[in-house]
Structure formats: structure tokens, C-alpha cells
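Structural overview
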Amino acid sequence: MNIFEKLIVKDKNFYKKVLTLATPIALQSMIAIGVNMLDTIMVGSLGEAELSATSLANSFISIYHIFCMGIGMGASVLISRYWGMKASEPEKADASLKKTICIMLRIALTLASIFALITLFVPSSIMRTYTPDENIISLGVIYFRYSVITYFFLGLSLVCTLALRSIGQVKLPLYVSIGAFSLNLVANYILIFGKFGFPKMGVAGAAIATLISRIFETAIICGYLLLKDEKIGFRFKHLFMKTGDLLVEYIRISIPVLVSDAILAFGNNAVAMVIGRLGQTFVAANAITSVTQQVSSVVIQGVCQSGAIVTGQTLGEGDKEKTMRQGYGFLGLGFLLGIFASLCIIIISPFIIRSYNVTSETAQTARQLMNAISIIMLFQATNSIMTKGVLRGGGDTKVLMIADNIFLWILSIPMGIVAGFVFHLPAFWIYICLKFDQISKAVWCVLRLRSGKWIKKIKTV
């Protein structure tokens, strides 16, 4: 059987399961991106300085967001595997599930405290790492001032959502996101522009509106997990349980995911730092295109997370041969979704750019970046589904951590710096260089899949 035949799984239940998991996750991602887009469009109507300030401030907040994704996705590898083991070893699987969630929540809250303190005490220093423009810095400090406690609600809602997804509970997080989106829309309108008797707060209003929506998400998601969910049965008292016998296994599997995603976070911020020094025009253009890139990749994110869940559960059932077949099936889906995402960017980019109140120079730069992203997405779809989905779900987290380091820090970022500051290439080529890791990693992950070495054994308590 050649590789092209392997890309199609002859099992309708496989595609049905992927669709069942991926659709709510993709819709939830779309809603989350919609919240970010609302902030960007509404704040962008105030001016380019406000748009740049909130974009760069959120670059730092996104470090914590990606950290939490690492914590949650790392735990998801364990949770989905233990969930698949419930039929064969129910007692061990149940204890392991609870301890995994306990460790996950403790780490998320610890990191939230650290980020909140940094944001509270050195907001100006954070902004200066992205831009030397004092006006943008001062606006970014205002945004940070109202975002300090957002970390706690963002972290809790995110990791609990990922835990619920790992056992197939994907509808509740979707419904909660719809409510949060609606709440954020109303709060943005009222607080940014000063409607219904409220003062006009600008960037501060955007930060407060985001905080309100995060509180709403946390109250329902965490409330359900701690009070109502019967599948895992995790309760508040379990936060104080002893987890020493699982800690080593959690660290072995989950910490490389956290480190890998942390590297991604710092890498993205290194990219933001490079962009921030290319001028306000480039920063504003990048703020516009980043939202478009997120919109075009929501289905990819859904399939990516479903890949980790399906792979983990299948391995938990003990069927390695089936796992390999499914791995090639996800690879095929990656190829198709990459083409789909690229076409979406090409189609919607003119409308997105025209919706912003920016100069003609910024619009022209945004068009160049959109063209670059349409090419990058062809490769990013495949490598995301494989590395963050299938290979991660197989427990291959340590190797993925090393690969992320090599492709990002040794290849992409140096290429981007040289392209921007040495050769002064057009925006299109600078962005291609800054994201070249997405292209090279797509080739590597296919070779890793074929080797079969990514399937790792995971222990229970």
C-alpha cells in the first residue's frame, strides 16, 4: 500500500468520531477568535496607536495563554489515554484521571500568579520589549492595568475546557463560548465607546470587557467540572489530594508539552519584537492579518485536538495498529485542510483589510502579509495536526519539544531577523522567513509518523 492509499481510512466511524469532536472545538475556536476580532476592530476604530498597543499587550498575555494550552494539552494526553483504559483498568484509570487534573490546576494557578505579578509591577518594561514608541507603551500599560486578574480566569477556564474535551465533553464549552462572545460584544460596545451612561474607556474598556467574559466562562466551566460532572468525578476536595505517585509521569509527558508551547510563546513574542521594530505600519498590518490567520485555521485546530484525543483513547484501548492507520488518516486531513485554509485567506483578506481604519501604506503591507500567510497555511495545517495532535497524543512529547526548539530558534527567527534588518526585504519575504518553521516541520512530521517511534507507553498510578 502506497502512502496516498494510507491517507484514506476505510472506517466511517473514524471520520464520524473526528467530526463529532472537531466541529464543536472548531466552532468554539471561531467564537474565541471572534472575541479577539471584536476587540481589534473596535479598538482599531480609535486609531492605529490604540490598535498597536492592544495587539502588543496581548502578545505578552498570549504567552500565558499558550502556557495554559501546554498545561492543558499535556494533561489531555494523559487524560485521553486513561479514559481509554477505563474499560480494562477502571480503578487505576479513575485515580490517575483525578490526579492529573489536580496537578494541571495547581500549575495553572501558580503560573497565573506569576504573570499577574509581572504585569502589575513592570507593565512599561513589558511594552518596551515590543516597541520604543512611548505613546503605544502608555496605552499598553493602561490595557495591562485592567488585565491583571484576567490571568486566573483565563487559565482555569482554558485547562478545564481541555480536560472536558479529552473525555468527549465538547458541547458545554461551545455553549459557554457563545454566551461569552455575546457578553463580550455588549461589554465592548458599552465600555470602549461609552454607551448607556458609561464613560468612554477606550483600550481600558476592551480589557474590562474581556475580563467580564472570562469570569463568565470560568464560573460555568469550572462550576460544572467541580460540582456536576460525573464522568471524571473531580470535586473541589480533590485539589488537596496527594499526587506524588503520578507527578513523575505527569512531568515526563506533560512538561515537554508545556516547554514546547512555552518555546512557541516566546518564539511568537520574538517575532512580535522583530515586527514591533519594523515600525507602526508593520505592527498594525500584522494585527489585522493575525486575526485572519486564526479564522482560517479554526477547523485545523478542531481536527488537531481531536487527533490528540482519538490517538490517546485508541492507544488506551491497546490497539497500536489502528492508531497507525488513524495517524495516516489525520495526515490526509491535514493536506486537505491546508488547501482549504489557504483559499479562505485569499477570499476573505480583501474584505478584512477594508474593514479597518488604517492608512493605505498599512493596507498594502497587510496585503503582502496575507499573501505570505496563504502559502504558510498549506504547510501549517499538516504540521499542526500531526505534531500537536497525533504525535502528541501518542506521547511523543519530548521529541516534539526538541523539534520545536530547532525549527523555531535555529531556523525561523534568525532568518526573519536577517530578512528584516540586514537585507530589508519586502514584508512578504520577512513574514515567510519568520514562519519558515511551519514549512520545514511539516516535512519532518511526515517522516516521524512513518517511523512509528512516536507511540510511547504511559504509566498509571
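Above this text is the structure in question.
Throughout what follows, the structure given in this document is the object of discussion. Bear in mind the structure is a predicted one, so any value in this text is a computation, not a measurement. (Residues numbered from 1 in each chain as written. Predicted model: local features only at pLDDT ≥ 70, side-chain atom pairs only at ≥ 80, totals over all residues. Heavy atoms only, no water.)

1. Quick word on helix 15 (residues 397-422)
Quick reminder of the rule: Runs of H or I in DSSP of at least four residues are treated as helices and runs of E of at least two as strands, each being numbered from the N terminus. Take the residue count of a helix, subtract one, and multiply by 1.5 Å to get its expected span. A residue's bend is given by the angle between axes fitted to the 7 residues ending at it and the 7 residues starting at it. Partly exposed describes any residue whose relative accessible area lies between the buried limit of under 20% and the exposed limit of over 50%, with all areas from a 1.4 Å probe on protein chains only and scaled to the type maximum.
Helix length check: helix 15 (26 residues) gives 35 Å between terminal C-alpha atoms against 38 Å at 1.5 Å per residue, within 8%. At Leu408, helix 15 shows its strongest bend, of approximately 30°. Buried within helix 15 we find Thr397, Leu400, Met401, Ala403, Asp404, Phe407, Leu408, Ser412, Ile413, Gly416, Ala419 and Gly420. Positioned one or two residues after helix 15, His424 has a phi angle of 50°, which is positive.

2. Here we look at the layout of surface pockets
How we decide: In this analysis the probe radius is 1.4 Å and the grid spacing 1 Å, with only protein atoms considered; a cavity is a set of points the probe fits into but cannot get out of, a pocket is an open set with protein on both sides within 12 Å along at least five of seven lines, and lining residues have an atom within 4 Å of a point. Grid points are joined across faces, edges and corners, and a volume is the space filled by probe spheres set on the points. Note on residue classes: Ala, Val, Leu, Ile, Met, Phe, Trp, Tyr, Cys and Pro are nonpolar, Asp, Glu, Lys and Arg are charged, and everything else, Gly too, is polar.
Of the pockets and cavities examined, the second largest pocket occupies roughly 190 Å³. Contributing to the lining of the second largest pocket are Arg81, Met85, Leu315, Gly316, Gly318, Lys320, Ile455, Lys456, Lys457 and Ile458. Its residues placed into classes, the lining of the second largest pocket shows 4 nonpolar, 2 polar and 4 charged.

3. With respect to the pattern of salt bridges
Between side chains of opposite charge, a pair can form when the charged atoms approach closely. Threshold: Salt-bridge detection follows one rule: a side-chain nitrogen of Lys or Arg within 4 Å of a carboxyl oxygen of Asp or Glu.
Enumeration according to the criterion identifies 12 salt bridges in this entry. Ionic pairing is found between Lys92 and Glu89, a salt bridge with its closest N-O pair at 3.9 Å. Taking the relative accessible area as the measure of exposure, Glu89 reaches 32% and is therefore partly exposed. The shortest N-O distance in the salt bridge between Asp396 and Lys456 comes to 3.9 Å. With Asp396 in the loop between helix 14 (360-393) and helix 15 and Lys456 in the segment after helix 17 (436-451), this pair connects stretches of sequence that are 60 residues apart. Taking the relative accessible area as the measure of exposure, Asp396 reaches 1% and is therefore buried.

4. Brief notes about empty space enclosed by the protein
If you walk through the whole model with that rule in mind, you get 2 cavities of 30 Å³ or more. Its volume calculated, the second largest cavity comes out at about 30 Å³. Around the second largest cavity, the lining residues are Met73, Ser76, Leu162, Arg165, Ser166, Gln305 and Ile309. Looking at side-chain class alone, the lining of the second largest cavity contains 3 nonpolar, 3 polar and 1 charged residues.

5. Some words on unusual backbone geometry
In this structure, Phe196 takes a positive phi of about 55° despite not being glycine. Inspection of the secondary structure assignment puts Phe196 in the loop between helix 8 (171-193) and helix 9 (203-228). Although it is not a glycine, His424 adopts a positive phi angle of roughly 50°. Mapped onto the elements, His424 comes out in the loop between helix 15 and helix 16 (427-434). For His424, a relative accessible area of 59% puts it in the exposed group.

6. Topic: the side chain of Ser342
Filter applied, for reference: By the criterion applied in these results, polar contacts are pairs of N or O atoms within 3.5 Å in which, for protein atoms, one can donate a hydrogen and the other can accept it, and in which residues neighboring in sequence qualify only through two side-chain atoms. In what follows, a contact means two residues having at least one pair of non-hydrogen atoms within 4.5 Å.
Checked against the element boundaries, Ser342 lands in helix 13 (residues 320-354). Side-chain polar atoms of Ser342 contact the backbone oxygen of Gly338, separated by 3.0 Å. If sequence neighbours within four positions are ignored, Ser342 has contacts with Ser374, Met377 and Leu378.

7. Observations regarding the packing of aromatic side chains
To be explicit about the condition: For Phe, Tyr and Trp, rings pair up if their centres lie within 6.5 Å, where Trp contributes its six-membered ring, and each pair is then called stacked (planes under 30 degrees apart), edge-to-face (over 60) or tilted (otherwise).
Considering all chains together, one arrives at 13 aromatic pairs under this definition. Relative to Phe115, the ring of Tyr64 lies with its centre 5.3 Å away and its plane at 55°, an arrangement referred to as tilted. Of this pair, Tyr64 sits in helix 3 (residues 48-84) while Phe115 is found in helix 4 (residues 90-121), placing the two residues 51 residues apart along the sequence. Neither Tyr64 nor Phe115 differs from the other in exposure class; each is buried. Considering the side-chain rings of Tyr64 and Tyr151, the 5.3 Å spacing of their centres and the 90° angle between planes classify their relative orientation as edge-to-face. With Tyr64 in helix 3 and Tyr151 in helix 7 (residues 150-166), this pair connects stretches of sequence that are 87 residues apart. Through successive ring pairs, a cluster of aromatic residues spans Phe60, Tyr64, Phe67, Phe115, Phe144 and Tyr151.

8. As for the environment of Ile352
Position of Ile352 relative to the elements: it lies in helix 13. Note: C-alpha distance between Ile352 and Cys433 (81 residues apart in sequence) is 24 Å.

9. Observations regarding the environment of Phe407
Within the element layout of this structure, Phe407 appears in helix 15. Classification of Phe407 as buried rests on a relative accessible area of 15%. Through-space distance from the C-alpha of Phe407 to that of Val43 is 34 Å; in sequence the pair is 364 residues apart. Setting aside residues no more than four positions away along its own chain, Phe407 makes contact with Ser412, Asp437, Ser440, Lys441 and Trp444.

10. Looking at a nonpolar patch on the surface
Selection rule: For patch detection, residues must exceed 30% relative accessible area and be free of salt bridges, and they are connected within 9 Å for like charges or within 5 Å for nonpolar side chains (Val, Leu, Ile, Met, Phe, Trp, Tyr). Residue burial considers only the protein chains on display, and all accessible areas are found by Shrake-Rupley using a 1.4 Å probe.
A contiguous nonpolar surface patch, about 740 Å² in accessible area, is contributed by Ile339, Leu343, Ile346, Ile347, Phe351, Ile375, Leu378 and Phe379. Of all elements in the fold, only helix 13 and helix 14 reach the threshold of two or more residues within the nonpolar patch. Counting residues per element, the nonpolar patch draws most heavily on helix 13, at 5 residues. Relative accessible area serves as the criterion here: at 48%, Leu343 is assigned to the partly exposed category.

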